[in-house]
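# Structure assessment
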Amino acid sequence: MRQRLEARKLLVDKTSIACKVTEQDVKKKEDNLSTEVRSLLVGGTTLSIAKSKLQESNCQLEGENGYAHLKIVTNKLRKRQQYMVSQVSFIYPLKIEAGPSQDQELESFPGGNRLGTKPLSQGSVRILGLPFSMAPFTKMSFFTDKKEVQKLATALGYVAHAVSLIAPYLRVPIRYPLRLGGSKTYIRDYAPYIEPSSSEMSLISTLDQNSKFVEFPLFLDGQDTTRAAYAVFLLNKNIEQLLNFVGEDSLGPRQVLANLKELIRIIQSPDYIDSL
């Protein structure tokens, strides 16, 4: 009987210890649960506040100063942009002359393969009566007509000025800033693919580390045509940036005047306002 009593006491002690451990676990779970309940209450309150703010915002959007008002203001802004661009088009008219383009070239199609010659335009585009061709930039020689070279530089000066006007009208900061100078215009590149000359290196060394750039001439100067061709490439990239802004793609890497004409056409079309 004594042995049984001792065994029963041990069992009771073990059960008591187990009960205490269980009570401690229950208390911890109760504390955790109360914390979660408080967090849930805070989250519910935050959700309720957010829902009320959303309802207020919806009411504001549906009111007189809401989305309808924003659309009216945007419509007026785009009409103003159309008017300003039309003034640029009046100053620098772009017209197409009948006949094949001077710059028909092998174009890379979306698949990336050169499939053949693709005429990028049905005629030669002229700006203020001046044509533009990349031919002198690829085969400059001593016998190249200097008057034609001057005409090309003047045409590029017109294009650069037109781009410098249209970009702020659209509120688009162009990637390659221009230093206007008529037929002696330069374009800046802050990460050039072409090594700068020794004279340009001295200029770069005097600039701040965060504002280093190289200027490339938008005109032919001497026998070296690489730098001028690269400048034309950068200018066309600026026009391509503006085309992308209005939802269109470039017509080609050498179609400077055609791209500018397409940009002006898109902005002046009724779809430019209706696409709000």
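Before any of the text, the structure's been laid out above.
This one's a predicted model, so the numbers in the text were calculated from it and none came from an experiment.

Helices and strands together make up the secondary structure of the chain, namely 8 helices and 8 strands. For the chain, the exposed area adds up to about 18300 Å²; of that, 56% sits on carbon and sulfur atoms.

The next thing to look at is the nonpolar core. Of all hydrophobic cores here, the largest spans 45 residues; its most connected members are V159, I166, I187, L218, L235 and L260. For this core, the secondary-structure elements that each account for two or more residues are α2 (67–91), β4 (123–127), α4 (146–170), β8 (214–217), α6 (226–245) and α7 (256–268). It is α4 that contributes the most residues to this core, 10 residues altogether. Leave out the neighbours within four places in its chain, and I187 touches Y176, P177, L178, V214, E215, F216, L218, A231, L234, L235 and N238.

Let us now look at a nonpolar patch on the surface. Judged by side-chain polarity, L33, V37 and L41 come together as a nonpolar surface patch covering roughly 290 Å² of accessible area. Along the polypeptide, V37 turns up in helix α1 (residues 2–62). What makes V37 partly exposed here is its relative accessible area of 42%.

Attention now moves to the pattern of salt bridges. Applying the stated criterion across every chain, the model contains 5 salt bridges. Note that E148 is salt-bridged to K151, the shortest N-O span being 4.0 Å. On the criterion of helical spacing, the pair formed by E148 and K151 is a turn pair, its members being 3 residues apart in helix α4. Assessed through its relative accessible area of 37%, E148 is described here as partly exposed. Two residues, R179 and E215, come together in a salt bridge whose shortest N-O distance is 2.9 Å. One end of the pair, R179, is in strand β6 (residues 178–179); the other, E215, is in strand β8, with 36 residues separating them in the sequence. The exposure class assigned to E215 is buried, which follows from its relative accessible area of 13%.

With burial as the criterion, each face of β8 is covered, one bearing V214 and F216 and the other bearing E215 and P217. In this sheet, β8 lies alongside strand β7 (residues 186–189) in antiparallel orientation, the contact comprising 4 bridges. By the bridge assignment, I187 is partnered in β8 with F216.

Moving on to the packing of α6 against α7. The interhelical angle for the contact between α6 and α7, taken along N-to-C directions, is 20°, at an axis separation of 10 Å. Taken together, the axis directions place α6 and α7 in an arrangement best described as roughly parallel. Considering how the two elements wind past one another, α6 and α7 form a crossing that is left-handed. Across the interface between the two elements, V232, L235, N236, I239, L242 and L243 of α6 pack against V256, N259, L260, E262, L263 and I266 of α7. A breakdown of the residues in the contact of α6 with α7 according to their chemical character gives 9 nonpolar, 2 polar and 1 charged.

Reading the values: the criteria
Residues numbered from 1 in each chain as written. Predicted model: local features only at pLDDT ≥ 70, side-chain atom pairs only at ≥ 80, totals over all residues. Heavy atoms only, no water. Helix = DSSP H or I, 4+ residues; strand = E, 2+ residues; numbered from the N terminus. Areas by Shrake-Rupley, 256 points an atom, 1.4 Å probe, with all protein chains shown as cover. Core = buried A, V, L, I, M, F, W, Y, C linked by side-chain atoms within 4.5 Å. Buried < 20%, exposed > 50% of the residue type's maximum accessible area, 1.4 Å probe, protein only. Contact = heavy atoms within 4.5 Å. Patch = residues over 30% accessible without salt bridge, like charges linked within 9 Å, V, L, I, M, F, W, Y side chains within 5 Å. Salt bridge = Lys/Arg side-chain N within 4 Å of Asp/Glu carboxyl O. Pairing = 2+ DSSP bridges. Axes fitted to C-alpha atoms, helices over the stretch in contact; angles between N-to-C directions. Parallel < 35°, antiparallel > 145°, perpendicular 65-115°, else oblique. Left-handed = near helix turned anticlockwise from the far one by under 90°. Nonpolar A, V, L, I, M, F, W, Y, C, P; charged D, E, K, R; others polar.

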